[in-house]
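# Summary of structural features
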Amino acid sequence: MSNRLNQVQPYALGLFRIVIGLLFACHGAASLFGVLGGAMGGGTVPAGTWPGWYAAVIQLVAGVLVLVGLGTRTAAFLASGSMAYAYFKVHQPEALFPLQNSGESAALFCWAFLLLVFTGPGALALDRLFGATRGAEAEQREKQGAPVAA
């Protein structure tokens with residue numbers, strides 16, 4: 001059984017990445033464009049306001065990048081950091097635990113994105129297409145005796 005689970009692990013990780021990216025992008029779209037119920041129950045975040053508008057842009061852009069698996073580790077790192085900031089700056093001063101301060105989603109997104117930083121995108125990611133191309137080019141240069149960049 002463990003062998004079979006290991007075989008599908010990249011696909012489970014890819015599905016996890018897609019769902020987390022989609023949910024995060026939806027938060028950004030709601031805040032920026034007022035779709036899906038809008039920001040905090042309706043409306044949009046005024047352009048340029050700190051930190052709400054910038055957080056919404058990060059949510060939308062990083063969410064879409066994670067969703068499609070392009071620059072996954074970098075986008076996930078940025079998203080994780082923004083959610084850590086949101087938790088400690090907005091939620092944690094209200095109470096100690098996430099259940100008390102309404103910070104569950106910020107904490108969960110923070111840890112989910114941090115996991116993706118270390119695991120990578122899994123299967124079905126655009127990173128895999130570009131990574132395979134770069135790997136083949138590096139292999140060709142190595143065969144020709146040229147130095148290979150890290």
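For every chain, the first residue of the written sequence is number 1, and numbering continues from 1 onward in sequence order. Selection of residues for local features in this predicted model requires a pLDDT of at least 70, selection of side-chain atom pairs for listing and counting requires 80 or more, and totals for whole chains, interfaces and linings are taken over all residues. Hydrogens are left out, water is left out, and the side-chain values use all remaining heavy atoms of the structure.

In this section: the overall build of the protein. Scanning the protein from terminus to terminus reveals 6 helices and 0 strands. For helices the rule is a DSSP run of H or I covering at least 4 residues; for strands it is a run of E covering at least 2, with both sets numbered from the N terminus onward. Going from the N terminus to the C terminus, the protein shows its helices and strands as α-α-α-α-α-α. Looking at the protein as a whole, 33% of its 150 residues are labelled buried. Taking the intrachain contacts of the protein between residues at least 6 apart in sequence as the baseline, contacts between residues at least 24 apart amount to 65%. Each accessible area is a Shrake-Rupley estimate made with a 1.4 Å probe; only the visible protein chains count as cover when residues are assessed. Of the roughly 9,600 Å² of accessible surface on the protein, 68% is carried by carbon and sulfur atoms. To sort residues, take the accessible area from a 1.4 Å probe on protein chains only and compare it with the maximum for the residue type: under 20% means buried, over 50% means exposed, and anything in between is partly exposed. Whether two residues are in contact is decided by their heavy atoms: any pair within 4.5 Å suffices.

With respect to the helices and strands, Ser 31 occurs in helix α1 (residues 2-33). The buried category is assigned to Ser 31, whose relative accessible area is 14%. Excluding anything up to four places from it in sequence, Ser 31 contacts Ala 39, Thr 44, Val 45, Ala 56 and Gln 59.

Here we take up α1. Here, expected helix span is obtained from the residue count minus one, scaled by 1.5 Å. Between its first and last C-alpha, α1 extends 45 Å over 32 residues, near the 46 Å set by a 1.5 Å rise per residue. For α1, the set of buried residues is Leu 13, Gly 14, Arg 17, Ile 20, Gly 21, Phe 24, Ala 25, Gly 28, Ala 29, Ala 30, Ser 31 and Leu 32. Here the buried face of α1 lies against α2 (52-68), α3 (72-91) and α5 (104-119). Of the residues trailing α1, Gly 34 is marked for its positive phi of about 75°.

What follows covers unusual backbone geometry. A negative phi holds for most residues other than glycine; trans holds for most peptide bonds. Although it is not a glycine, Ser 102 adopts a positive phi angle of roughly 60°. Take Ser 102: it is sitting in the loop between α4 (98-101) and α5.

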